[in-house]
Amino acid sequence: MDDKALLKLLVTGIGEEAVAAQLNVSHREVSRCLRTYLAAGILKCKGGREEIDWKAFGLWKKQQATVQAVEAA
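All values reported here derive from a predicted model rather than from experimental measurement. (Residues numbered from 1 in each chain as written. Predicted model: local features only at pLDDT ≥ 70, side-chain atom pairs only at ≥ 80, totals over all residues. Heavy atoms only, no water.)

### Some points on helix 1 (residues 3–10)
- Buried within helix 1 are the following residues: Asp3, Leu6, Leu7, Leu9 and Leu10. For helix 1, the angular spread of the buried residues around the axis is 165°, confining them to a single face.
- Capping the start of helix 1 is the job of one residue whose side-chain oxygen sits 3.2 Å from the backbone nitrogen of Lys4: Asp2. (Buried < 20%, exposed > 50% of the residue type's maximum accessible area, 1.4 Å probe, protein only. Helix = DSSP H or I, 4+ residues; strand = E, 2+ residues; numbered from the N terminus. Arc of directions from axis to C-beta. Polar contact = N/O pair within 3.5 Å; in protein donor to acceptor, adjacent residues only side chain to side chain.)

### Notes on the nonpolar core
- Counting residues in each nonpolar core, the largest one holds 16 residues, and the members touching the most others are Leu6, Leu7, Leu10, Tyr37, Ile42 and Leu43.
- For this core, the elements supplying multiple residues, two or more each, are helix 1, helix 2 (16–23), helix 3 (27–39) and helix 4 (54–72).
- Sequence-distant contacts of Leu6, that is, excluding residues within four places in its chain, are made with Met1, Val19, Leu23, Val30, Cys33 and Tyr37. (Core = buried A, V, L, I, M, F, W, Y, C linked by side-chain atoms within 4.5 Å. Contact = heavy atoms within 4.5 Å.)

Written as structure tokens, this is what we have:
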């Protein structure tokens with residue numbers, strides 16, 4: 001799944017089910033990713049809206065790449 005596309009749809013406020021339908025993935029997968037983004041500080045609630053912290057997203061992606069490299073070794 002394209003994390004950037006998912007984040008951009010999540011901040012529109014259309015809801016998880018609509019996001020899942022647009023990306024042709026399960027609602028469960030969107031919910032799992034949403035929890036991950038919130039825990040990593042990527043998606044933040046600001047005054048009733050969600051905002052994306054792109055710096056946190058970049059750090060998270062680097063961590064994911066490192067984990068995958070270690071697992072592949």
